[in-house]
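Descriptive structure summary
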Amino acid sequence: MLDTYKLKRFIKRAFTPITIMFIPHTNRSPLNVRFPFIGIFISVILWCFGAVYIFSLTMHAVEYYEMRQSLNYYSQQFLEWKNTVSAIKRAETEFKKLFSLSSKEDVLENIDISDSGSIDMEDLKKEISKSIETIGEIREYLHIQRDIYFATPMGVPVDGWISSGYGKRIHPISGKEEFHAGIDIAISPGTAVRATADGIVSFSGWSGGSGKVVVLEHGHGFSTLYAHNKINTVNIGQRVKRGDIIGYVGATGNATGPHVHYEVWKDGRHVNPKKYIGGSS
């Protein structure tokens, strides 16, 4: 009876009208608009979610625009370099043709003295130097992008089902609420655990309640952790590639069943691994 009373009281308060008055700077009468309290509260919540969503879309649009600008710049540089190479090849063809003649007189008679297709060697040297420098920049840019790609965790270490997600949860053993810094992926024991990105093994061994653990350092601020393994098959300092086997599924440490506890760290802080399961950074 008491719960019903509280519920009715809550509903009554939620639908209590609030009057908003619009006062014009003229001789017209004020405009009164009445809204239920719950309507205004829900509107504010929806507005906040909408603002966060729009901000997220804006950040992605800015990143995409910057990438497009870089690609357009390097495409233009490639085009200039291609034109320079074409000019060099045309000059090479002309010189080969002249040098194939048998006498000095033949060369002088066949040489083209028009400005069409002529090359200023000093300008050509500058263009070649510029092109070489641009190619170096492009190589460096692509090298960095490649490193980031292979260092970014993608997919999951095992093809199982997520039994416990990232965030607050009730611990299955202690029964207390705590923050879960990764995701638990349940699967049959003995299944191969695979690295989700290229890296170096920074830890491989026993770690208290986490059982047998492997930690990989990938560079560019990324690290990943794989816990409760039955067996670790890698050693500290060993290099691994994405997809390499680093252990086998078990239930070591404080575990209620066979699974992989998987964590992703970025710049020293754990993040939700689901962000990287689909392969996006």
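Above this text sits the structure in question.
Residues numbered from 1 in each chain as written. Predicted model: local features only at pLDDT ≥ 70, side-chain atom pairs only at ≥ 80, totals over all residues. Heavy atoms only, no water.

We now examine the overall build of the protein. Helices and strands together make up the secondary structure of the protein, namely 5 helices and 14 strands. Per-residue burial over the protein gives 25% buried out of 281 residues. If you take every contact in the protein between residues at least 6 apart in sequence, the share linking residues at least 24 apart comes to 58%. Surface accessibility of the protein: about 19700 Å² in total, with carbon and sulfur atoms responsible for 60%. (Helix = DSSP H or I, 4+ residues; strand = E, 2+ residues; numbered from the N terminus. Buried < 20%, exposed > 50% of the residue type's maximum accessible area, 1.4 Å probe, protein only. Contact = heavy atoms within 4.5 Å. Areas by Shrake-Rupley, 256 points an atom, 1.4 Å probe, with all protein chains shown as cover.)

Attention now moves to the pattern of salt bridges. By the definition in use, this model includes 4 salt bridges. The residue Glu178 makes a salt bridge to Arg169 at a minimum N-O spacing of 3.9 Å. Relative accessible area serves as the criterion here: at 31%, Glu178 is assigned to the partly exposed category. Judged by its relative accessible area of 16%, Arg169 is buried. A salt bridge links Arg169 to Asp184; the nearest nitrogen and oxygen atoms lie 3.3 Å apart. Highlighted residues: Arg169 in strand E4 (residues 167-170) and Asp184 in strand E6 (residues 183-186), separated in sequence by 15 residues. (Salt bridge = Lys/Arg side-chain N within 4 Å of Asp/Glu carboxyl O.)

Bringing a nonpolar patch on the surface into the picture now. On the surface, Phe41, Ile42, Ile45, Leu46 and Phe49 cluster together into a nonpolar patch covering about 520 Å² of accessible area. Along the chain, the position of Ile42 falls in helix H2 (residues 37-99). When its relative accessible area of 42% is taken as the criterion, Ile42 is described as partly exposed. (Patch = residues over 30% accessible without salt bridge, like charges linked within 9 Å, V, L, I, M, F, W, Y side chains within 5 Å.)

Here we come to the pairing of strand E8 (residues 199-206). By the bridge criterion, 2 bridges tie E8 to strand E11 (residues 239-240) in an arrangement that is antiparallel. Note that in E11 the partner of Gly199 across the bridge is Val240. With 6 bridges joining them, E8 and strand E9 (residues 212-219) adopt antiparallel strand pairing. Following the sheet pairing, Ile200 is matched in E9 by Glu217. (Pairing = 2+ DSSP bridges.)

To continue, consider the environment of Tyr262. Structurally, Tyr262 is set in strand E13 (residues 259-266). Taking the C-alpha atoms as reference, Tyr262 lies 9.9 Å from Val214; in sequence the two are 48 residues apart. Excluding its chain neighbours within four sequence positions, the residues that come into contact with Tyr262 are Pro153, Gly155, Pro157, Gly182, Ile183, Thr196, Thr224, Leu225, Tyr226 and Pro273. One polar contact links Tyr262 to Thr196, side chain to side chain, over a distance of 2.8 Å. (Polar contact = N/O pair within 3.5 Å; in protein donor to acceptor, adjacent residues only side chain to side chain.)

The next point concerns the nonpolar core. Formed by 19 residues in total, the largest nonpolar core has its most connected members in Val158, Val193, Leu216, Tyr226, Val240, Ile246 and Val260. Of all elements in the fold, only E6, E9, strand E10 (222-232), strand E12 (245-249) and E13 reach the threshold of two or more residues within this core. Residue contributions to this core peak at 3 residues, all from E13. Once you skip the residues sitting within four places of it in the chain, Ile246 turns out to touch Val193, Arg194, Ala195, Val214, Leu216, Tyr226, Ile231, Asn232, Thr233, Val234 and Val240. (Core = buried A, V, L, I, M, F, W, Y, C linked by side-chain atoms within 4.5 Å.)

The topology assignment puts Ser164 in strand E3 (residues 161-164). Other than its neighbours up to four places away in sequence, Ser164 contacts Arg169, His180, Gly182, Ile183 and Asp184.

In this section: unusual backbone geometry. In most cases, non-glycine residues show a negative phi, while peptide bonds are predominantly trans. The phi torsion at His228 lies on the positive side, around 70°, for a residue other than glycine. Its location among the elements puts His228 in strand E10. The backbone phi angle of Asp267 is positive, close to 55°, even though this residue is not glycine. The exposed category is assigned to Asp267, whose relative accessible area is 57%.

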